[in-house]
Amino acid sequence: MDTKITTKPLTSYVDTVKQVFRLAETYFKDLLEFDSLLVKLASMDPEEFFKYIQAQQYVKDPPGIEFVNRPKISLVLSGTGHPFDCDDRTVLSLAYFMLRNYMSKITGGKEFFDYRVLVVGRNENPHHIYIEYKKKDSINWIPFDPTYPHNVYGVAPFSPGFIKIFHRDEFSL
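Draft legend 1. A look at the overall build of the protein. Along the backbone of the protein there are five helices and four strands. Across the protein, helices and strands are ordered from the amino to the carboxyl terminus as α-α-α-α-α-β-β-β-β. Referenced to the eigenvectors of the C-alpha coordinate spread, the extents of the protein come out at roughly 45 × 40 × 35 Å. Among the 173 residues that make up the protein, the fraction classed as buried is 44%. A separation of at least 24 residues holds for 60% of the contacts in the protein among residues at least 6 apart in sequence.

Okay, structure coming up:
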């Protein structure tokens, strides 16, 4: 696998969110490479994709280093001990919904989904990231956090003391 690790300082959680959106938007087609294997990621429904990503081994980042992986790196290196935590799963989740919208548009359809990124914390400090999505014709946002095995599809992981919601159009990428 030809991969390159790029390093850049992330000075705040806002920088991390910007990188999450950038990596998902730039590399969402990475998921198509896995459609040629046994797993058909692009054709899974949201709950199936949630369960697939949730089943991958969780590996936290090393102390003092923040890895934010493009989808291909997370999927290829899953199970090898390479970091695969909440921000990497957020990149994959965004990439999945971006790909579903893209696939619909190239076949003459409309985009199906809206999505947003949440940075949350149990108390007043941020410490976790995940997405919510909704169908374009709905007003209900659905939590989508496949980070931990105990998380439930469609249920927020906890009631946050800190929450900040980000949309793609807030960033110039």
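Draft legend 2. Region of the structure containing the pattern of salt bridges. Inspection of every chain in the model, using the stated rule, returns nine salt bridges. A salt bridge links Lys105 to Glu111; the nearest nitrogen and oxygen atoms lie 3.4 Å apart. Look at Lys105 and you get partly exposed, because its relative accessible area is 45%. Note that Glu132 and Arg116 form a salt bridge whose closest N and O atoms lie 2.6 Å from each other. Remark: Arg116 occurs in strand β1 (residues 113-121) and Glu132 occurs in strand β2 (residues 128-135); sequence separation between them is 16 residues. Here Arg116 falls in the buried class, since its relative accessible area comes to 15%. Linked through salt bridges whose partners overlap, the residues forming this network are Lys105, Glu111, Asp114, Lys134 and Lys136.

Draft legend 3. Representation of the side chain of Gln19 within the structure. Within the fold, Gln19 resides in helix α1 (residues 13-27). For Gln19, the side chain forms a polar contact with the side chain of Arg22, separated by 2.7 Å.

Draft legend 4. Local environment of the environment of Ala156. Turning to its location among the elements, Ala156 is positioned in the loop between β3 (142-144) and β4 (162-166). For Ala156, a relative accessible area of 35% translates into the label partly exposed. Once you skip the residues sitting within four places of it in the chain, Ala156 turns out to touch Tyr130 and Pro143.

Draft legend 5. Layout of helix α3 (residues 46-54). The complete set of buried residues in α3 reads Pro46, Phe49, Phe50, Ile53 and Gln54. Around the axis of α3, the buried residues are gathered within 130 degrees of arc, so they sit on the same side. The inward-facing, buried residues of α3 abut α2 (30-33), α4 (71-77), α5 (86-106), β1, β2 and β3. Its side-chain oxygen at 3.0 Å from the backbone nitrogen of Glu47, Asp45 defines the N-terminal cap of α3.

Draft legend 6. Quick look at the sheet that holds β3. Strand order in the open sheet made by the four strands is β3-β2-β1-β4, with antiparallel pairing throughout. Among the strands making up the open sheet, the edge pair consists of β3 and β4. Taking the axes of each pair of neighbouring strands and ignoring which way they run, one obtains an average angle of 30 degrees across the sheet. Both β1 and β4 contribute to a ladder of five bridges, which runs antiparallel. Paired with Val117 across the bridge in β4 is Phe166. Running over the sheet, α1 touches β1, β2 and β4 and is turned about 40 degrees from β4.

Draft legend 7. Spatial organisation of the packing of aromatic side chains. One pass over the structure, following the stated rule, counts 17 aromatic pairs. Taken together, a centroid distance of 4.3 Å and an interplanar angle of 10 degrees make the contact between Phe49 and Tyr96 stacked. Taken as a pair, Phe49 in helix α3 and Tyr96 in helix α5 lie far apart in primary sequence, 47 residues in all. Plain terms: the ring middles of Phe112 and Phe113 are 6.2 Å apart, the flat faces sit at 65 degrees to each other, and that makes the pair edge-to-face. Here Phe113 falls in the buried class, since its relative accessible area comes to 5%. Of the aromatic side chains, those joined through ring pairs into one cluster are Phe49, Phe50, Tyr96, Phe97, Phe112, Phe113, Tyr133, Phe144 and Tyr153. We note Lys134 situated over the ring of Trp141; from NZ or CZ to the ring centre the distance is 5.6 Å. When the ring centre of Phe166 is taken as origin, the NZ or CZ atom of Lys164, which lies over that ring, is 5.4 Å away.

Conventions used here
- Residues numbered from 1 in each chain as written.
- Predicted model: local features only at pLDDT ≥ 70, side-chain atom pairs only at ≥ 80, totals over all residues.
- Heavy atoms only, no water.
- Helix = DSSP H or I, 4+ residues; strand = E, 2+ residues; numbered from the N terminus.
- Buried < 20%, exposed > 50% of the residue type's maximum accessible area, 1.4 Å probe, protein only.
- Contact = heavy atoms within 4.5 Å.
- Salt bridge = Lys/Arg side-chain N within 4 Å of Asp/Glu carboxyl O.
- Polar contact = N/O pair within 3.5 Å; in protein donor to acceptor, adjacent residues only side chain to side chain.
- Arc of directions from axis to C-beta.
- Pairing = 2+ DSSP bridges.
- Axes fitted to C-alpha atoms, helices over the stretch in contact; angles between N-to-C directions.
- Phe/Tyr/Trp six-rings, centres within 6.5 Å; stacked < 30°, edge-to-face > 60°.
- Lys NZ or Arg CZ within 6 Å of the ring centre and 35° of its normal.

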